[in-house]
Amino acid sequence: MNLALHLTKDSLRHHRLRVRLSMIGIIISVFIISLVIIISDSVKLSFYHQLEQIDKRSIIISGARDSGLINLPFSTPRDTLRNTDIKQISKILPKDSAVHSTLITSGGIQFGKTKVTSQIIATSVTNPANLELHMLNGSWFEDEKDKNLVILGEGLANQLLGTNQARSQVITIKGQRFTVIGIIRRTNQTLSIRGYNTDHSAYISLDNGQRLIRSDNVSQIIITKISKINQTKTQLSQILTRQHADSSDYSITSGEDISAKMNDLVRLLVVSSLSITSLILLISSISLANIMLVGVIERQREIGIRKAVGANIKDIVSQFLAEALIISLRGGLVGLLLAYIVASIYLLTHSMMISFSPLAIILGLVVPTVTGLIAGVYPAYKASKQDIISALNQLT
């Protein structure tokens with residue numbers, strides 16, 4: 001065994017170009033596999049965190065959605081819902097239910113010389129917990145008509161003002177001056193079920209928002225504390241069908257519907273990750289096997305000499321398999337490290353939760369090992385079957 005390891009090490013040292021070319025394929029493969037798994041796990045973590053906070057007794061009516069994402073809960077709805085919709089809906093709800101409306105728009109926000117374009121959330125909600133939000137400091141609006149007051153997501157506050165302690169600062173939103181009264185605690189949810197990035201949004205009262213866009217329309221109507229979800233959904237559908245000629249103007253989603261859609265998305269991510277992993281493993285194995293086969297042809301003389309001095313089939317097979325495994329594991333470790341670095345940078349810059357998945361580490365070691373075994377078996381077998389006379393003739 002010690003002799004085989006020594007010969008393997010010596011061979012790798014004398015064939016550095018071939019080793020590096022073989023490692024590049026493994027590095028790329030493990031990098032892609034690990035990156036997909038890490039980011040998928042982070043997205044799943046964000047989804048599950050939001051699912052835990054969803055009120056199963058709530059219904060969200062959203063306006064029309066763009067970009068073909070009408071069935072996805074985190075796409076941004078347009079302001080196709082009207083105040084008349086809210087009035088008609090309020091008539092059928094029990095007294096203990098609550099109705100809130102939200103207008104989602106975007107525009108320029110400025111502080112001093114710093115100007116950014118961000119989403120602006122105008123809402124009638126008087127308790128941030130109804131939007132699954134929590135205050136870092138300051139306070140929320142007292143009512144939906146609070147004039148010229150704004151609350152910033154922590155990410156937007158840091159970007160615009162350079163601090164999350166920004167109370168009493170005056171900023172400009174679409175040319176109008178607003179005073180900051182609070183900061184929302186960071187949620188790290190780029191993909192939000194509300195349809196906007198909660199960390200990089202500015203929150204103003206609904207009255208202010210409708211005044212900014214000169215419209216009384218809204219993007220979402222949120223109904224909470226509903227005891228009979230299915231019955232209420234049917235009634236809401238009937239009302240909105242009468243109010244809107246185009247059924248694509250709205251969608252009705254309950255907390256349970258959102259949970260089901262989120263779970264479907266998680267399953268899709270898992271299946272996609274496994275499919276990509278399998279395909280990359282196959283391509284890596286073929287690539288490494290080809291390079292190893294070329295190595296067998298180049299080293300016929302070496303194989304002939306080893307057989308002439310007493311090496312058996314097991315010795316030859318062990319050496320070539322060991323070479324394939326060492327190349328694969330080296331590449332796997334480099335690919336895994338690069339994946340974690342790139343994933344961390346991507347997730348941090350996109351305000352997403354970081355999940356250092358054990359699965360990525362396991363696959364980062366298992367995949368190159370399996371790849372090395374698959375790619376090394378046939379070349380090793382081919383090398384062990386080399387005819388000693390033909391191989392020694394290569395010396396002349």
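Now for a look at the structure at hand. (Residues numbered from 1 in each chain as written. Predicted model: local features only at pLDDT ≥ 70, side-chain atom pairs only at ≥ 80, totals over all residues. Heavy atoms only, no water.)

## Describing the overall build of the protein chain
Check the secondary structure of the protein chain and you find eleven helices and ten strands. The burial tally for the protein chain puts 49% of its 396 residues in the buried class. Taking as baseline every contact in the protein chain between residues at least 6 positions apart, the subset at least 24 positions apart corresponds to 78%. Entry remark: accessible area of the protein chain is about 19,100 Å², with carbon and sulfur atoms responsible for 58%. (Helix = DSSP H or I, 4+ residues; strand = E, 2+ residues; numbered from the N terminus. Buried < 20%, exposed > 50% of the residue type's maximum accessible area, 1.4 Å probe, protein only. Contact = heavy atoms within 4.5 Å. Areas by Shrake-Rupley, 256 points an atom, 1.4 Å probe, with all protein chains shown as cover.)

## A look at helix H3 (residues 83–92)
In an α-helix, one turn spans 3.6 residues, which is why side chains three or four residues apart end up on the same side. Within the span of H3, buried status applies to Asp85, Ile86 and Ile89. Down the axis, H3 shows its buried residues gathered within 95° of arc, on one side only. Pointing more than 90 degrees away from the buried face of H3 are the exposed residues Lys87 and Lys91. Residues of H3 that are buried sit in contact with strand E1 (59–63), strand E2 (98–111), strand E9 (220–224) and helix H6 (229–243). (Arc of directions from axis to C-beta.)

## Focus on the environment of Ile258
Considering the arrangement of structural elements, one finds Ile258 in helix H7 (residues 255–298). Using a relative accessible area of 4% as the deciding quantity, one classes Ile258 as buried. Each C-alpha atom of the pair Ile258 and Ile59 lies 9.6 Å from the other, and the pair is 199 residues apart in sequence.

## Looking at the pairing of strand E10 (residues 250–254)
Within a regular strand, side chains alternate between the sheet's two faces. Among the five residues in E10, five count as buried, and that is most of the element. Of the two faces of E10, both are covered, the one formed by Tyr250, Ile252 and Ser254 as well as the one formed by Ser251 and Thr253. Looking at chain direction, E1 and E10 are connected through five bridges and run antiparallel. Bridge pairing in E10 places Gly63 opposite Tyr250. (Pairing = 2+ DSSP bridges.)

## Overview of the packing of aromatic side chains
Tallied over the entire structure, the rule returns two aromatic pairs. Geometrically, the ring pair formed by Trp140 and Tyr203 is tilted, given 5.8 Å between the ring centres and 50° between the ring planes. With a gap of 63 residues between them, Trp140 in the loop between strand E4 (135–138) and strand E5 (149–153) and Tyr203 in strand E8 (residues 201–205) connect regions that are remote in the sequence. Classification of Trp140 as buried rests on a relative accessible area of 9%. Taken together, Trp140, Phe141 and Tyr203 form an aromatic cluster joined through their ring pairs. (Phe/Tyr/Trp six-rings, centres within 6.5 Å; stacked < 30°, edge-to-face > 60°.)

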